[in-house]
Amino acid sequence: QVQLVESGGGLVQAGGSLRLSCAPSGRTFSSYAMGWFRQAPGKEREFVAAITRSGVNTRYADSVKERFTISRDNAKNTVYLQMNSLKPEDTAVYYCAADGWYYGSSSADYDYWGQGTQVTASS
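Not measured: the values here are computed from a predicted model.

Asker: Explain the sheet that holds strand β3 (residues 18-25) to me, please; I cannot follow it from the model alone.
Answerer: Note on sheets: strands pair through backbone hydrogen bonds, and any given pair is parallel or antiparallel. In spatial order, the strands read β1-β3-β8-β7; together these 4 strands make up an open sheet with antiparallel pairing. Only two strands of the sheet have a single partner each, and these edge strands are β1 (3-7) and β7 (68-73). Averaged over all neighbouring strand pairs, the angle between strand axes comes to 15°, with direction disregarded. Bridging between β1 and β3 involves 5 bridges; their strand directions are antiparallel. When the bridges of β3 are listed, glutamine 3 appears paired with serine 25.

Next comes the structure, spelled out in structure tokens:
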């Protein structure tokens, strides 16, 4: 199996920025499309962003467009989520996910999941 480990979460003031990282193990990183999801307490897990294996194509949830950027560095074996202009509503546990092919916006599209990292944006 592929192990995914998220890092970079923390507490910031609303309007601030954080960069999340996800480092997989087990197979060549470039073999996987990658996604980010988040889940707030008492809420269902929701899609945030995804990126193709090449990194050329991306997709975002409407709620984070123009604020969040997903990127990957296959040479460094890492996928990132740059989060700018954070809002209190962005507060959630953020999960990294890997898929063998499709960079979908549904949880069902992904085969592997990390343990999550907490992001809190306070006002």
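Read on for the rest.
Asker: Which parts of the structure should I look at to understand the state of the cysteines?
Answerer: What makes a disulfide is a covalent bond joining the sulfur atoms belonging to two cysteines. Counted by the stated rule, this structure contains 1 disulfide. Paired by a disulfide, cysteine 22 and cysteine 96 hold their sulfur atoms 2.0 Å apart. Between cysteine 22 and cysteine 96, the S-S dihedral sits near -85°, and the bridge is therefore left-handed. Taken together, the positions of cysteine 22 in strand β3 and cysteine 96 in strand β9 (residues 92-99) put the pair 74 residues apart, joining distant regions of the chain. There is no split in this pair, since cysteine 22 and cysteine 96 are both buried.

Asker: Would you mind showing me how to read the environment of glutamate 44 here?
Answerer: Looking at where glutamate 44 falls in the secondary structure, it is placed in the loop between β4 (33-39) and β5 (46-51). Separated by 42 residues in the primary sequence, glutamate 44 and leucine 86 place their C-alpha atoms 20 Å from one another. Residue contacts for glutamate 44: discarding those within four places in its chain leaves Arg38 and Gln39.

Asker: Mind showing me how you'd approach unusual backbone geometry here?
Answerer: Most peptide bonds take the trans configuration, and most residues that are not glycine carry a negative phi. Unusually for a residue other than glycine, glutamate 66 sits at a positive phi of about 75°. Among the secondary structure elements, glutamate 66 is positioned in the loop between β6 (58-60) and β7. In this structure glutamate 66 comes out as exposed when scored by relative accessible area, which is 81%.

Asker: Whenever I open this one, the nonpolar core confuses me. Can you help?
Answerer: When a protein is soluble and globular, its nonpolar side chains tend to lie buried together. In terms of nonpolar packing, the biggest core is built from 34 residues, with Met34, Trp36, Val79, Leu81, Met83 and Tyr94 touching the most fellow members. Breaking this core down by element, the ones donating at least two residues are β3, β4, β5, β7, β8 (78-83), β9 and β11 (117-122).

Asker: Could you clarify how one ought to interpret the packing of aromatic side chains in this entry?
Answerer: How two aromatic rings sit relative to each other is set out by the distance from centre to centre and by the angle between their planes. One pass over the full model with this rule turns up 7 aromatic pairs. Taking the centre distance of 5.7 Å and the plane angle of 35° together, the rings of tryptophan 101 and tyrosine 102 count as tilted. Put simply, the rings of Phe37, Phe47, Tyr110 and Trp113 touch in pairs and so form one group of aromatic residues. The ring of tyrosine 95 has arginine 45 sitting right over it, with the charged end atom 4.0 Å from the ring centre. Just above the ring of tyrosine 103 sits the side chain of arginine 59; from NZ or CZ to the centre is 4.0 Å.

So, how was this worked out
- Residues numbered from 1 in each chain as written.
- Predicted model: local features only at pLDDT ≥ 70, side-chain atom pairs only at ≥ 80, totals over all residues.
- Heavy atoms only, no water.
- Pairing = 2+ DSSP bridges.
- Helix = DSSP H or I, 4+ residues; strand = E, 2+ residues; numbered from the N terminus.
- Axes fitted to C-alpha atoms, helices over the stretch in contact; angles between N-to-C directions.
- Disulfide = S-S within 2.5 Å.
- Buried < 20%, exposed > 50% of the residue type's maximum accessible area, 1.4 Å probe, protein only.
- Contact = heavy atoms within 4.5 Å.
- Core = buried A, V, L, I, M, F, W, Y, C linked by side-chain atoms within 4.5 Å.
- Phe/Tyr/Trp six-rings, centres within 6.5 Å; stacked < 30°, edge-to-face > 60°.
- Lys NZ or Arg CZ within 6 Å of the ring centre and 35° of its normal.

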